[in-house]
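The chain contents come next:
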Amino acid sequence: EEMQEVRLRRMPALLGLFSVCLLVITGSLYHPRLLSDEVESEEVQSRMKEQEDKYKLEMERLQKEVDEKYNPEQETKVNAIVKAENSTQIDWNTWNILLMVTILFLELWRQDTWPHIPQDYNSEEEEEGEKENEFPQRIYNNILNIPDKYVLDQFYNACIQNVSQEPMQTCEFVESFVDNLLEACRNVCQWDSELILEDCVGIGSQFEKWGCKTPSVYDILVPIFLQDGYCFKPEICCCDLPPDKQSYGRIVMVTPGSADLGCLCKSTELEGDVLCLIHSKRFEPDVRANCLASIVCSEWYLDYKKVLKWFRVALAKSWNKVSHKYDFDLSFHNITGCCGLKVQYQSGRNIYIKAFPAVRLKDSDVYLVSSFPDYTKNTVPSTTYWHISCAVCEYRFLKIMAKSVPKNSCHLKCLQILTFLTEKLRSSPDQRNILGSYLFKTVLMHLLLSQPYSNWHECHLEHRLRDILKYLGKCLDEKRLQRFMIGNQTFPKQMGIPEMLLNAEPINLFRSFVTQRDSYGQALMEYQKILRDMGPLMMECIKDNTVS
């Protein structure tokens, strides 16, 4: 009986200890950081051992005192009270245990069923950088500074539609005029060079009908090819290209003498990659090949700077042949990556044209272009790297979307408004924005495929603007914005994209933000400026145009 009474007396303490253990386990599951993952030092372990020894000695001393003072007569008197208290405490502790077990079970079930999101562990410097650049994560889910539909319509009509709208016939004139120049160029150069220019292809904002920059600039692709058995072999999506240069490719000039089995485009290993435009009837001496390579190549790779130099001279010669047919002046300007043309009428009107030499991928509408602006300040390692451009495919995609969305659609209005605002918010005319119009266009194309077409009715202009800015903020936060067409396996092949590009690894336009903190910081500042100043700037532009 005495042993049972002692056990009953110790039962509440044991139940309380068990409850505390369950509480500690549950707390550690909810707060993993309470349990340190770091290995304790030897000094700390030795101190803990000393403390445990002290506790053991103290417990032994107390036990001896209890045994010496033990009085059986007093014990019997207290048993009744202890039993009553024990019964109450046992019931209470039982409920506590059941509650702790229930919480523990629910926590284990939550961890097994909820998706696990891995954490990235960075160095202290990276954590400090992230704290400095954590703005989009806090703000893009709560974009509130977008004006209502009435103000947006008033701003669009007063500042964009009625001010920067070019005549519809201007695009047709630009293409026709450049084609006439190229025809004269072919007549001048057909006996002097194996490099031949095809008819131009209009691309960019003006031809896609959302251009709103002042002055308007018309972008033109001028495909080039070789004759007399020479051909181009583009190298894209190659393993020897660095990961940050997957948006670029190189072009090898293949001479007739290097083809042992005839034209290289018939080789099974190069099928689909080689562009052979005109077959050779007879092989030319190596001297001729070396001469051509020295004009447009660097180590047999097509050099876009050399091609541009030849291209500008050829256009200047052709203008001298046809200038008498036109009643305007034409001046040539050296612009990075292209040939700039300025058409000057006597009335004072000017038309600006950018002509980009390009090599077309076989059986597709994808081109390797001399150079396009890189919005993330990512430098190109060599002049033999050509930009992979899907501009023609994007033009076709937007034309198809225009037929699918409601007649009064707002998708191009969104693009015009954001482009106009970014141009107005530049601190100086010479400053180049990181968040350029092509990035807004890429976000728009992603959203056009992810939302119902009915959502793009003009009555939803305010909501779609918010969607674009929210999507862009999320991409900035993740430092990831994929190119729309390359690596997009769901994209229809009828759009003119080669299968090897559809199956390629997606290209991240924000890849350089991971290492280039200055560019990333500037992009965040531009994004913040758009959100902060969008409303006031619209009201200011409306007021200025109303007064004028």
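Residues numbered from 1 in each chain as written. Predicted model: local features only at pLDDT ≥ 70, side-chain atom pairs only at ≥ 80, totals over all residues. Heavy atoms only, no water.

### Observations concerning the packing of helix H13 (residues 437–450) against helix H14 (residues 461–478)
When two helices pack together, their arrangement is given by the angle between the helix axes and the distance between those axes.
Okay, step 1: At a closest axis distance of 10 Å, the pairing of H13 and H14 adopts a crossing angle of 110°. Relative to H14, the element H13 lies roughly perpendicular. When H13 is examined against H14, the residues Phe440, Val443, Leu444, His446 and Leu447 are found in contact with a partner set consisting of Asp467, Ile468, Tyr471 and Leu472.
Okay, step 2: Its residues placed into classes, the contact of H13 with H14 shows 7 nonpolar, 1 polar and 1 charged. (Axes fitted to C-alpha atoms, helices over the stretch in contact; angles between N-to-C directions. Helix = DSSP H or I, 4+ residues; strand = E, 2+ residues; numbered from the N terminus. Parallel < 35°, antiparallel > 145°, perpendicular 65-115°, else oblique. Contact = heavy atoms within 4.5 Å. Nonpolar A, V, L, I, M, F, W, Y, C, P; charged D, E, K, R; others polar.)

### Some details on the pairing of strand E4 (residues 231–235)
Okay, step 1: In terms of burial, E4 is largely enclosed, as 4 of its 5 residues are buried.
Okay, step 2: Pairing analysis gives 5 bridges linking E4 to strand E5 (residues 248–254), with the strands arranged antiparallel. Each bridged residue has a counterpart across the sheet, and for Pro234 the counterpart in E5 is Ile251. (Buried < 20%, exposed > 50% of the residue type's maximum accessible area, 1.4 Å probe, protein only. Pairing = 2+ DSSP bridges.)

### Let's talk about the packing of aromatic side chains
Okay, step 1: Tallied over the entire structure, the rule returns 15 aromatic pairs.
Okay, step 2: Relative to Phe328, the ring of Phe177 lies with its centre 5.4 Å away and its plane at 75°, an arrangement referred to as edge-to-face. Of this pair, Phe177 sits in helix H7 (residues 169–189) while Phe328 is found in the loop between helix H10 (304–322) and strand E8 (329–335), placing the two residues 151 residues apart along the sequence.
Okay, step 3: Here Phe177 falls in the buried class, since its relative accessible area comes to 1%.
Okay, step 4: The class for Phe328 is buried, based on a relative accessible area of 5%. (Phe/Tyr/Trp six-rings, centres within 6.5 Å; stacked < 30°, edge-to-face > 60°.)

### Overview of the pairing of strand E9 (residues 338–344)
Okay, step 1: Here E9 lies mainly inside the structure; 6 of its 7 residues are buried.
Okay, step 2: Where E8 meets E9, 7 bridges bridge the pair, whose relative direction is antiparallel. Bridge pairing in E9 places Phe332 opposite Leu341.
Okay, step 3: Connecting E8 to the next strand, E9, in antiparallel fashion are 2 residues, including Gly337 with a positive phi near 85°.
Okay, step 4: Direction of pairing for E9 relative to strand E10 (residues 350–360): antiparallel, over a ladder of 6 bridges. Directly across from Leu341, in E10, lies its bridge partner Ile353.
Okay, step 5: Hairpin connection, E9 to E10: the antiparallel pair is bridged by 5 residues, and Gly348 has positive phi, about 105°.

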